[in-house]
Amino acid sequence: MALEGIRHLIECHCVLPQYRNSNPPVFHKFIVFSAINDDQVQKKLAQCNNCGILHRIVDICKSEIVHGLEEGSSLRSIEDLKVSFPQRLSDFLVTQKLDISTWEFIEFLIDNKLEKDVVINKTEAGDITQLKILQINADGTFKIRNETRQDDVEVL
Ligand SMILES: [Zn+2]
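In what follows, the accompanying structure is described. (Residues numbered from 1 in each chain as written. Predicted model: local features only at pLDDT ≥ 70, side-chain atom pairs only at ≥ 80, totals over all residues. Heavy atoms only, no water.)

## A few points about the coordination of the zinc ion
The protein atoms that coordinate the zinc ion are C12 (SG), C14 (SG), C48 (SG) and C51 (SG), at distances spanning 2.3 Å. Considering all four donor atoms around the zinc ion, the spread of angles at the metal, 105 to 111°, places the coordination shape in the tetrahedral class. Read N to C, the donor residues that coordinate the zinc ion are spaced as C-x1-C-x33-C-x2-C. Remark: C48 occurs in the loop between β4 (44–47) and β5 (54–59) and C12 occurs in the loop between β1 (3–11) and β2 (29–37); sequence separation between them is 36 residues. What makes C48 buried here is its relative accessible area of 3%. (Donors = N, O, S within 2.8 Å, 3.2 Å for Na, K, Ca; no water. Tetrahedral: all angles 85-135°; square planar, octahedral: opposite > 155°, others 65-115°. Helix = DSSP H or I, 4+ residues; strand = E, 2+ residues; numbered from the N terminus. Buried < 20%, exposed > 50% of the residue type's maximum accessible area, 1.4 Å probe, protein only.)

Put into structure tokens, the structure is as follows:
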């Protein structure tokens, strides 16, 4: 498929308080959504959710820190994204406390009429992982369902 979306991890240069004394340092990572069009990762700015510094996203899992740019008020917030979401879906997503990359991913799927499951929550108990999944259908309808897995699933 020529057009796809991905959530990926970007490493910042800040360190969360609980890792302050770690050696080697454990840098904070945050999740960013990117659209990929014909193998080209959409260039965008994203803000670290810990220190607030801006990153230029140049590739999957790669960014350059933007110096000298204060607070990007042109960046979209969850409030901005909500504007184009169906009311009931946006009400529901707010209750799930998702980060902005998940909102952007869902918006991308809706805009491009792509059918996809988005994992929005996961609970692990022993070898059982229960997922809460938002199922997005190509006709613009949605459904929330549970799925239980007994293997290890990597979920961003
Ligand atoms: Zn940071």
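## Things to note about the pairing of β2
Sheet topology note: the β1/β2 ladder contains nine bridges and is antiparallel. Bridge pairing in β2 links E11 to K29. Pairing geometry for β2 and strand β3 (residues 40–41), over two bridges, is antiparallel. Within the sheet, the bridge partner assigned to I36 lies in β3 and is V41. Where β2 folds back onto β3 in an antiparallel hairpin, the turn is made up of two residues, including D38, whose phi is positive at roughly 50°. (Pairing = 2+ DSSP bridges.)

Spatial relationships are all this shows, so hold off on functional conclusions.
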